[in-house]
Amino acid sequence: MFPIPQIAQWFRGGSVNRRIFRAAASVTGAGMLVKVVATFKEITVAGVYGRSDAMDAFLAAALIPGLLINLISESMNQALAPTLVRVREQEGQERAQQLLSSAMLWTCALLGAASVVMALAARGFFPLIASHFPPAKLDLSVRMFYVLLPVVLITGIATNCTTVLNTFDRFGWPALAVMANPAAIIVGALLLGSRLGIWAMIYATLAGALIHAALTAGMMERYGYRFRLRWHGATEATREVACQYGPVLLSSVVASGGLLVDQSMAAMLPSGSVSALAYANRFVAVVLTLLGGAVSTAVVPYFSRMIAHRDWDGCRHTLRTWVKLTAVVSAPIAAVLIAGSHLLVRIAFQHGAFGPGDTAAVSPVLAMYAIQIPFFVSSRVFYRFLVAMRRTDLIFYCGTINLILDVILNLILMRWYGVAGIALATSLWTVSTFLFLWYWTWKLLRRKTPKQS
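Values in this document were obtained by computation on a predicted structure and should not be read as measured data.

**Q** I tried to follow the environment of Val178 on my own but got confused; where do I start?
**A** Mapping Val178 onto the fold places it in the loop between helix 7 (172-177) and helix 8 (180-196). Residue Val178 is classed as partly exposed on the basis of its relative accessible area of 32%. With 52 residues separating them along the chain, Val178 and Phe126 place their C-alpha atoms 28 Å apart. Beyond its immediate stretch of four places on either side in the chain, Val178 contacts Val34 and His212.

Here is the structure:
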């Protein structure tokens, strides 16, 4: 345990840590406001749709668009950010703009192509990810998936713009822009849910994505980068991004494979299991986003700058500071979620179509999911350092190990604990991730001699 005075001393000890703290606080503050709105969204959705077949179908339909965004756009963002910072630091703003325009064109082309391929293959792969859905439920899920596909390109652009703003030390307003998504769903479910049923969720999701993209693109232009889709040739910088993008994309494919495995195995269990997994994960996702997401976002530009200037002592100090701090903050939160899982689910969701039986099904899943919190949050600091070091190959190896673990642990634990066993398997492979990234981070830093710093 690390006392408050020592933590305060960390913040006073170095200008980089103070800037990271301010950036993380900005993202966390904005994220808390977004999560307040998102919580109202979950309460609204639970009251309107409950743990129903229609909700299961919507969650299955929304899974692939979310995975495509993570696979293509988020992978590009991770590969782009360190190089974009380096080019701006060493070659100037205009060369950075050229790199950005090329990368955004590349990203949009990949997102569009992937969407077309998924649309053509939907009838083939949906029976795999929703293997135990009856025919009518499966058909509803596929039809909703077709309508949701534009979200892939729209949200991909929004996340790309957000990452660019982060490298320019703009954190708060881009994080607040995400609020457009849950706000649109709340309005759609309340005003249109009775008339359109689950389709109100679809149309509201599309509207929220459009508003989010428009806001972030406007902010990016205001703060110095233009939204342009133009290819500036295969420069050294674009080749560097491409080399990093491959391993990051492969690691994202592997990680997304874990989500598909969990979804598919939950669909093999009794009706409502997919929804139980999703509802329970809402609580944990709030913590992971507010803590892990905020710190992970904040450290990216600073690790990239320190590595560009070969400041290895600064990297060590920043790693120690933020791994310790995230562990101190996240461990008690995990304990509270585990101990209070039943009460939290009952207060948040038990109304309307969501009854006591649903609370009893979701609360143990939440308790199992919460175990992962301190390991996930702390591991994100190591993860961002390795990406900034351009050791994305290690990220891929880690993801491969975890996918194998996820399958094995799911098969074992779901037999004993049902859908809660799937959540426990996720927590266990998160511990594996932490240990793997911790080991390789410090091994790489040990190779850096004092002369290199």
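That was the structure; now back to the text.
**Q** Just to check I follow, could you spell out the pattern of salt bridges for this structure?
**A** Opposite charge on two side chains permits them to pair, given that their charged atoms come into close proximity. Scanning the model with the defined rule gives 12 salt bridges in all. Its salt-bridge partner being Glu94, residue Arg226 comes within 3.5 Å of it at the nearest N-O pair. Of this pair, Arg226 sits in the loop between helix 9 (199-222) and helix 10 (236-267) while Glu94 is found in helix 4 (residues 93-129), placing the two residues 132 residues apart along the sequence. Exposure remark for Arg226: the relative accessible area of 33% places this residue in the partly exposed category. Its relative accessible area of 43% is what places Glu94 among the partly exposed residues. The partner of Arg316 in a salt bridge is Asp313, and the shortest N-O contact between them spans 3.1 Å. One end of the pair, Arg316, and the other, Asp313, are both in helix 12 (residues 312-339), 3 residues apart, so they sit about a helical turn from each other. Residue classification places Asp313 among the partly exposed positions, given a relative accessible area of 47%.

**Q** Sorry, what's going on with the side chain of Asp56 here?
**A** The residue Asp56 is located in helix 3 (residues 53-91) in this model. Judged by relative accessible area, which is 1%, Asp56 ranks as buried. Within the structure, Asp56 has its side chain in polar contact with the side chain of Lys137 (distance 3.0 Å). If we ignore the near neighbours within four places in the chain, the residues touching Asp56 are Phe133, Lys137, Ser271, Gly272, Val274 and Ser275.

**Q** How should the nonpolar core be read in this particular structure?
**A** Soluble, globular proteins show a tendency: their nonpolar side chains are buried together. Core analysis: the largest hydrophobic core is formed by 108 residues, its most contacted members being Met55, Phe58, Phe126, Met144, Ile198 and Ile373. In terms of residue count, the dominant contributor to this core is helix 3 (18 residues). Beyond its immediate chain neighbours, meaning those up to four positions away, Met55 contacts Val45, Tyr49, Gly50, Ile198, Met201, Ser275 and Tyr279. By size, the runner-up hydrophobic cluster in this structure holds 35 residues, among which are Ile20, Cys315, Met389 and Leu444.

**Q** Is there a simple way to explain the environment of Ile157 in this structure?
**A** In this fold, Ile157 is placed in helix 6 (residues 150-167). Residue classification places Ile157 among the buried residues on the basis of a relative accessible area of 17%. Put simply, Ile157 and Ala214 are 57 residues apart on the chain and 9.3 Å apart in space, counted from C-alpha to C-alpha. If we skip the residues at most four places from it in the chain, Ile157 touches Cys108 and Phe227.

**Q** Please clarify how the packing of helix 8 against helix 9 should be interpreted in this entry.
**A** Interhelical geometry of helix 8 versus helix 9 gives an angle of 155° and a closest axis separation of 8 Å. Put simply, helix 8 runs roughly antiparallel to helix 9. Every pair of crossing elements has a handedness; the one defined by helix 8 and helix 9 is right-handed. Across the interface between the two elements, Ala180, Asn181, Ala184, Ile185, Gly188, Leu192, Gly193 and Leu196 of helix 8 pack against Trp199, Ala200, Met201, Tyr203, Ala204, Thr205, Gly208, Ala209, Ile211 and His212 of helix 9. Taken together, the residues that form the contact of helix 8 with helix 9 break down as 12 nonpolar, 6 polar and no charged.

Criteria and thresholds
- Residues numbered from 1 in each chain as written.
- Predicted model: local features only at pLDDT ≥ 70, side-chain atom pairs only at ≥ 80, totals over all residues.
- Heavy atoms only, no water.
- Helix = DSSP H or I, 4+ residues; strand = E, 2+ residues; numbered from the N terminus.
- Buried < 20%, exposed > 50% of the residue type's maximum accessible area, 1.4 Å probe, protein only.
- Contact = heavy atoms within 4.5 Å.
- Salt bridge = Lys/Arg side-chain N within 4 Å of Asp/Glu carboxyl O.
- Polar contact = N/O pair within 3.5 Å; in protein donor to acceptor, adjacent residues only side chain to side chain.
- Core = buried A, V, L, I, M, F, W, Y, C linked by side-chain atoms within 4.5 Å.
- Axes fitted to C-alpha atoms, helices over the stretch in contact; angles between N-to-C directions.
- Parallel < 35°, antiparallel > 145°, perpendicular 65-115°, else oblique.
- Left-handed = near helix turned anticlockwise from the far one by under 90°.
- Nonpolar A, V, L, I, M, F, W, Y, C, P; charged D, E, K, R; others polar.

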